[in-house]
Amino acid sequence: IILLSGIFVTFIIDFLSNGSITWSKYPISVCAVLLVNTSLISLLYSKLLLFLFTSFVSTSVLLVLFDIFTETIGWGVKLGIPLLFAAYIIVYILITMIKLAKKQGLNIIAYSFIAAGMLSLCADGIISLYVEKNLHFEWSVIVMASVLVIASILLYIHYRLRKGMDLKRFFHI
């Protein structure tokens, strides 16, 4: 109701003040995509792959609409959608790994760190392809190396330490 009210009020204000739809097409589009995605959460809660696919499609349509509104097809299609696709794939893999984990604890945090590192690698590669027309990784390699060290420590603590072990005693503090 709030999103529909926002769409309606924004449309009316823009139409009454300008006599046409100018600036309101941006917030109306965002509200419409938010409405679709929140509805998808409610309707497809148990069907993760279908939810992520339809959410990806609706958000991609938003990026294409922004390109159409600015009359320059480029950023949304060449950079936005590939970044979005990488993020959705990584989120799907992360959620699947979390569901498959027998014991949930520090391993979930480690998996999340690794997913964030993978996303930084994807972002760095996609941005370098878009800007320089050449695939190379710069800052994301440092991020991934740092994340792997932290994730390794977390996974070691999660899988190798006995339950109830005193960490002060283990680390000789």
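Residues numbered from 1 in each chain as written. Predicted model: local features only at pLDDT ≥ 70, side-chain atom pairs only at ≥ 80, totals over all residues. Heavy atoms only, no water.

Chemist: Lay out the overall build of the chain with the relevant residues and their values.
Modeler: For the chain, the helix and strand inventory stands at seven helices and zero strands. Going from the N terminus to the C terminus, the chain shows its helices and strands as α-α-α-α-α-α-α. Expressed along its principal axes, the backbone C-alpha trace of the chain runs to roughly 75 × 40 × 30 Å. Relative to its 173 residues, the chain shows a buried fraction of 31%. Expressed as a percentage of contacts within the chain between residues at least 6 apart in sequence, the contacts between residues at least 24 apart total 52%. Accessible surface, the chain: about 11600 Å² in total, of which carbon and sulfur atoms supply 74%. Charge-centre separation for the chain: the mean point of 12 positive side chains lies 24 Å from the mean point of 7 negative side chains. (Helix = DSSP H or I, 4+ residues; strand = E, 2+ residues; numbered from the N terminus. Buried < 20%, exposed > 50% of the residue type's maximum accessible area, 1.4 Å probe, protein only. Contact = heavy atoms within 4.5 Å. Areas by Shrake-Rupley, 256 points an atom, 1.4 Å probe, with all protein chains shown as cover. Lys, Arg positive; Asp, Glu negative; His and termini not counted. Charge placed at Lys NZ, Arg CZ, Asp CG, Glu CD.)

Chemist: Which residues make up the packing of helix H1 (residues 2-18) against helix H2 (residues 25-43), and what values go with them?
Modeler: At a minimum axis separation of 9 Å, H1 and H2 run at an interaxial angle of 165°. Here H1 is positioned roughly antiparallel relative to H2, judged by the angle of their axes. Between H1 and H2 lies a crossing whose hand is left-handed. Along the contact surface, H1 presents Leu3, Leu4, Ile7, Thr10 and Phe11, while H2 presents Pro27, Ile28, Cys31, Ala32, Leu34, Leu35 and Thr38. Partitioned by chemical class, the residues of the contact of H1 with H2 number ten nonpolar, two polar and no charged. (Axes fitted to C-alpha atoms, helices over the stretch in contact; angles between N-to-C directions. Parallel < 35°, antiparallel > 145°, perpendicular 65-115°, else oblique. Left-handed = near helix turned anticlockwise from the far one by under 90°. Nonpolar A, V, L, I, M, F, W, Y, C, P; charged D, E, K, R; others polar.)

Chemist: Account for the packing of aromatic side chains, naming residues and giving values.
Modeler: Under the definition given, this model contains five aromatic pairs. A ring pair is formed by Phe56 and Phe85, whose centres lie 5.7 Å apart and whose planes are at 65°; its orientation type is edge-to-face. Residue Phe56 is found in helix H3 (residues 48-69), and its partner Phe85 is found in helix H4 (residues 75-100); the two are separated by 29 residues along the sequence. With a relative accessible area of 15%, Phe56 lands in the buried category. Taken together, a centroid distance of 5.8 Å and an interplanar angle of 70° make the contact between Phe56 and Tyr88 edge-to-face. Taken together, the positions of Phe56 in helix H3 and Tyr88 in helix H4 put the pair 32 residues apart, joining distant regions of the chain. A relative accessible area of 17% means that Tyr88 is categorised as buried. Connected via pairs of aromatic rings, a cluster forms that spans Tyr26, Phe66 and Phe69. (Phe/Tyr/Trp six-rings, centres within 6.5 Å; stacked < 30°, edge-to-face > 60°.)

Chemist: Tell me what's going on with a nonpolar patch on the surface, and back it up with residues and numbers.
Modeler: On the surface, a nonpolar cluster with roughly 860 Å² of combined accessible area is contributed by Phe8, Val9, Phe11, Ile12, Ile13, Phe15, Leu16, Ile21 and Trp23. The topology assignment puts Phe11 in helix H1. For Phe11, a relative accessible area of 34% corresponds to the partly exposed category. (Patch = residues over 30% accessible without salt bridge, like charges linked within 9 Å, V, L, I, M, F, W, Y side chains within 5 Å. Salt bridge = Lys/Arg side-chain N within 4 Å of Asp/Glu carboxyl O.)

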